[in-house]
Amino acid sequence: MSRPRSFETFRQSDLVTISELVQLSGLRYSTLKYYVESGLLPFEQLDTGLVRRYPRVAALERLAEIKVCKEEYKMTIQQIIARFKGETYADRP
Amino acid sequence: MLTELKLEEEYMLAVTNSLQSNKSHLQRSYMQVYTIGAAIIEMLLEGQLRLNESQKIEVIGHPMTQPSRQPLMATIAAAKRPQKMKEWITYFMNHGGQRNNVFDSLIASLQNSGLLGLEHYKILWLFPATRYAADARNKDRVIQGLRAEMLEEGPVTLQTSSLAMLLEASKQLKYYFSDYERRQMQDRLKELQTEQSAEWKTIVQIKKAIEEIEAAGAVAGSVAASTSVATSS
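Residues numbered from 1 in each chain as written. Chains lettered and ligands numbered in written order. Predicted model: local features only at pLDDT ≥ 70, side-chain atom pairs only at ≥ 80, totals over all residues.

Colleague: How would you explain the overall build of chain A if you had to name every residue and give the values?
Modeller: If you tally the helices and strands in chain A, you get five helices and two strands. Starting at the N terminus, the α and β elements of chain A follow one another as α-β-α-α-β-α-α. Counting every position in chain A, which comprises 93 residues, the buried fraction comes to 18%. The long-range share in chain A, meaning contacts at least 24 apart out of those at least 6 apart in sequence, stands at 47%. (Helix = DSSP H or I, 4+ residues; strand = E, 2+ residues; numbered from the N terminus. Buried ≥ 20, exposed ≤ 12 C-beta atoms within 10 Å, placed from the backbone. Contact = placed C-beta atoms within 7 Å.)

Colleague: Report on the interface of chain B and chain A, specifying residues and quantitative values.
Modeller: At the interface, 14 residues of chain B touch 13 residues of chain A. Taken together, the residues that form the side of chain B that touches chain A break down as five nonpolar, four polar and five charged. (Nonpolar A, V, L, I, M, F, W, Y, C, P; charged D, E, K, R; others polar.)

Colleague: Can you lay out the nonpolar core for me, pointing to particular residues and giving the numbers?
Modeller: By size, the foremost hydrophobic cluster in this structure holds 52 residues, and its most contacted members are Tyr11(B), Ile36(B), Ile40(B), Ile89(B), Leu166(B) and Ile213(B). Within the residue set of this core, elements represented by two or more residues are helix H1 (7–15), helix H2 (28–45), helix H3 (70–77), helix H4 (85–94), helix H5 (96–112), helix H6 (136–150), helix H7 (158–169) and helix H9 (197–232) of chain B. At 10 residues, H2(B) tops the list of elements feeding residues into this core. Ile40(B) has contacts with Leu49(B), Ile57(B), Met85(B) and Trp88(B), leaving out every residue within four places of it along the chain. Within the second largest apolar cluster, 14 residues are counted, among which are Leu21(A), Tyr35(A), Leu41(A) and Ile80(A). (Core = buried A, V, L, I, M, F, W, Y, C linked by C-beta atoms within 7 Å.)

Colleague: How would you summarise the pairing of strand E2 (residues 56–59) of chain B if you had to cite specific residues and measurements?
Modeller: Residue and element names in this part refer to chain B. Here three bridges tie strand E1 (residues 49–51) to E2, and the two strands are oriented antiparallel to one another. The residue of E2 that forms the bridge with Leu49 is Val59. Here E1 folds back onto E2 in antiparallel fashion, the turn holding four residues, of which Gln55 has a positive phi close to 60 degrees. Where E2 lies against strand E3 (residues 83–84), two bridges are found, and the strand directions are antiparallel. From the neighbouring strand, Lys56 faces E3, where its bridge partner is Lys84. (Pairing = 2+ DSSP bridges.)

Colleague: Now, about the sheet that holds E2(B): what can you tell me, with residues and values included?
Modeller: Residues and elements named next belong to chain B. As summarised here, the arrangement of the three strands in space is E1-E2-E3, forming an open sheet in which the pairing is antiparallel. This sheet does not close on itself; its edge strands, each paired only once, are E1 and E3. Packed on one face of the sheet, H2 meets E1 and E2 and runs near 90 degrees to E1. (Axes fitted to C-alpha atoms, helices over the stretch in contact; angles between N-to-C directions.)

Colleague: Can you tell me about the packing of H3(B) against H5(B), naming the residues and giving the values?
Modeller: All names here are of chain B. Where H3 contacts H5, the axes come no closer than 8 Å and their chain directions differ by 140 degrees. The orientation of H3 with respect to H5, classified from their angle, is oblique. Between H3, through Pro71, Leu72 and Thr75, and H5, the contact on the second element is made entirely by Gln98, Asn101, Val102, Ser105 and Leu106. Looking at the contact of H3 with H5 residue by residue, the classes come out as four nonpolar, four polar and no charged. (Parallel < 35°, antiparallel > 145°, perpendicular 65-115°, else oblique.)

Colleague: Mind laying out the packing of H2(B) against H4(B), listing which residues take part and the relevant values?
Modeller: All names here are of chain B. One way to put it is that H2 packs onto H4 with a least axis distance of 10 Å and a crossing angle of 145 degrees. Here H2 and H4 pass one another in a crossing that is right-handed. Of the residues in H4, those in contact with Ser29, Val33, Ile36, Gly37 and Ile40 of H2 are Met85, Trp88, Ile89, Phe92 and Met93. Of the residues that constitute the contact of H2 with H4, the class distribution is eight nonpolar, two polar and no charged. (Left-handed = near helix turned anticlockwise from the far one by under 90°.)

Colleague: Before we move on, could you go through the pairing of strand E4 (residues 116–123) of chain B and cite the residues and values that matter?
Modeller: In summary, the side chains of a regular strand alternate between the two faces of the sheet. With eight bridges joining them, E4(B) and strand E5 (residues 127–134) of chain B adopt antiparallel strand pairing. Bridge pairing in E5(B) places Glu119(B) opposite Arg131(B).

Colleague: Explain helix H4 (residues 56–71) of chain A residue by residue, including any values.
Modeller: All names here are of chain A. Look at H4: 22 Å from first C-alpha to last across 16 residues, which is about the 22 Å you get at 1.5 Å a residue. Within H4, burial applies to Ala59, Arg62, Leu63 and Ile66. Along the axis of H4, the buried residues cluster in a sector spanning 100 degrees; they form a single face. In H4, the exposed positions angled more than 90 degrees off the buried face are occupied by Val57, Ala64, Val68 and Glu71. Against helix H2 (18–25), strand E2 (54–55) and helix H5 (77–84) lie the buried residues of H4. (Expected span 1.5 Å × (residues − 1). Arc of directions from axis to C-beta.)

Colleague: Describe unusual backbone geometry, and please don't skip the residues or the numbers.
Modeller: Residue and element names in this part refer to chain B. The phi torsion at Gln55 lies on the positive side, around 60 degrees, for a residue other than glycine. Turning to its location among the elements, Gln55 is positioned in the loop between E1 and E2. Gln55 gets classed as partly exposed once you count the C-beta atoms within 10 Å, which come to 14. Positioned with a positive phi, Leu124 is a non-glycine residue whose angle comes to about 55 degrees.

Written out as structure tokens, the structure reads:
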């Protein structure tokens, strides 16, 4: 088991763990897990059962988009999932 | 595979194996009537049923519904006169055979898709018994979805609010939310009351229906207890 990285270190890292993403985003662990399972958050996983790593910039951007959808457009999570369904980060401009 | 679930299916997954010990804290008959109550609530939300001025449940138009809900719809449609939610719950509490039929139909798709299984075990290593076991991934998704909607900012769907209220009424919420989070959720429900006032009219009706389930369950439970005492003495 590796030692946890300092906030300063993972704040500039390309890939972060879900615990680090919790600290960066201020959202609950269960909320992020739900977003991941619903296909809203991108992640990288080398093999089944291995730790998932999240691209820090892309994940935080997506979380910011979800926040806008919820707060400004008053969309429910189901509507947000439907909105982003099938869209991958490779599709984005 | 993660699938779209109906309210009664989400409720059933959430209350099955409430603790890591794989032991459900909800008695089978209560689990069944709350699941039936959840189905009635979603049928009210979807407009297949409606509450009339005296809060009695009526079937709207031709009673067509999904196959899993047909036995329930047929029972409601066959009633001589409309009945309140409380009366329906009391009816299902006191008619075990009918309750089993309707409940089995409601959870059939969960069982067919492998999301819910029936485990055989022995009480005191002697008496054979069965219990339901939920697929862990889908169960987690239901709970995480509930947490993500109820504990974060933003609009909440009627299905999620109803699920939260059903779990609270059946005293199952404490297994997934801390006391602090449950208080936060109560505040959130009050906030939603002002933010989503149009939808809240339905929620108020549902809340009342859930309170009636709770009251009917308590009455039926005490009647059953007093009957068993009278029989044994």
